[in-house]
Amino acid sequence: MQGLVLSGANNFFAVKTEGSDVLRCSIKGKKLKDIQGYYNPLAPGDMVEIERDMLRPDQGQITALVPRRNGFVRWNQKTRRPQLLAANLDVLLCVTTPANPPFRPRFTDRVLVQAAAESIPVLIVLNKIDLGVSEQVRERIQDWQRIGVQVCEVSAQTGEGLEQLVQLIAGKTCAVTGQSGVGKSSLLNSLDPELTLKTADISFKYDRGIHTTTQGLFLPMCFTAQDGTKTSFNIIDTPGIRHFALWGMKPDEVIFYFPEMEAAAVQCAFGLSCSHIHEQGCRILEACEAGLIHPDRYESWRSMRDELEALTADEY
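Worth saying up front: this structure is predicted, and the values here are computed from it rather than measured. (Residues numbered from 1 in each chain as written. Predicted model: local features only at pLDDT ≥ 70, side-chain atom pairs only at ≥ 80, totals over all residues. Heavy atoms only, no water.)

Caption draft 1: Layout of the overall build of the protein. Across its full length, the protein holds seven helices and 13 strands. A burial count over the protein gives 49% of its 316 residues as buried. Expressed as a percentage of contacts within the protein between residues at least 6 apart in sequence, the contacts between residues at least 24 apart total 66%. Accessible surface, the protein: about 15700 Å² in total, of which carbon and sulfur atoms supply 48%. In the protein, 33 side chains carry a positive charge and 38 a negative one; their mean positions are 7 Å apart. (Helix = DSSP H or I, 4+ residues; strand = E, 2+ residues; numbered from the N terminus. Buried < 20%, exposed > 50% of the residue type's maximum accessible area, 1.4 Å probe, protein only. Contact = heavy atoms within 4.5 Å. Areas by Shrake-Rupley, 256 points an atom, 1.4 Å probe, with all protein chains shown as cover. Lys, Arg positive; Asp, Glu negative; His and termini not counted. Charge placed at Lys NZ, Arg CZ, Asp CG, Glu CD.)

Okay, structure coming up:
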């Protein structure tokens, strides 16, 4: 029979069966076919084939992975292997904040690029709008919207914008990602108070978040509007990340995941050999000068490309 992976740790996985039982499962034979190199072989959202243990009906073994529609991955710099964060997504929610911790748009740019590589739609969720949104933050938000990225502004503290967010994710399976401290757990608790996920305050010494979610978790959720209307959706909560490193693309491919740069890169007279840094007549540089590419997005692209170029073949 088939089951849905809810969570996993130490090579044991909580798997929900078609009959809604949750079994503690290990992988039969320790390895799954066609899964190699990952830091973790399975992630919340994966569908697997399982065999129930006849002597211990609350346990089972995973015999195969059902092919994924997609997978949200990052490069785990500590283990030097790709880490699968969530699978089979309809949309990825990238949570950011205008302050506390500080607004870091280049983290969001990295998430957008990695998701684009897997053709996963992204909804940027600007949380903590009760703290105020500066002109600098507003400009960057508007630029994302200009290139076709959806943005939803909310406050987990006051409840502002939550109904709009729920309308966008109703009936869907979504993963939530973002830097530590942006309020992912608080946001999910606000959407469904029965969750009571653990939260933590910001580290004021370093003005950054403290990790509270330590492993991915698949959460069936239900939001109750003020008029009593209930809306169901699935959330895969993922651990907070301080630095998001890309995986699965070459340095010269990154530019094709920037919608406002892709066409100019294709039309560039110097082709893929162009560095897009100093060449006269470069279409990317011309687009930057014309205001068609936001200067911080351009620097964001350069940072990602340079980081990928710095990785050795042994590391990546």
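Okay, back to it.
Caption draft 2: Quick peek at the sheet that holds strand β5 (residues 59-65). If you walk around this closed barrel you meet the five strands as β1-β2-β3-β5-β4, and the pairing is mixed. When the angles between neighbouring strand axes are averaged without regard to direction, this sheet yields 50°. With three bridges joining them, strand β1 (residues 2-9) and strand β4 (residues 47-52) adopt antiparallel strand pairing. Within β4, the position partnered with G3 by the bridge is V48. (Pairing = 2+ DSSP bridges. Axes fitted to C-alpha atoms, helices over the stretch in contact; angles between N-to-C directions.)

Caption draft 3: How the structure looks around the side chain of T108. As for its position among the elements, T108 is in helix α1 (residues 105-117). In this structure, T108 is in contact with C94, T96, I124 and W144, ignoring residues within four places of it in sequence.

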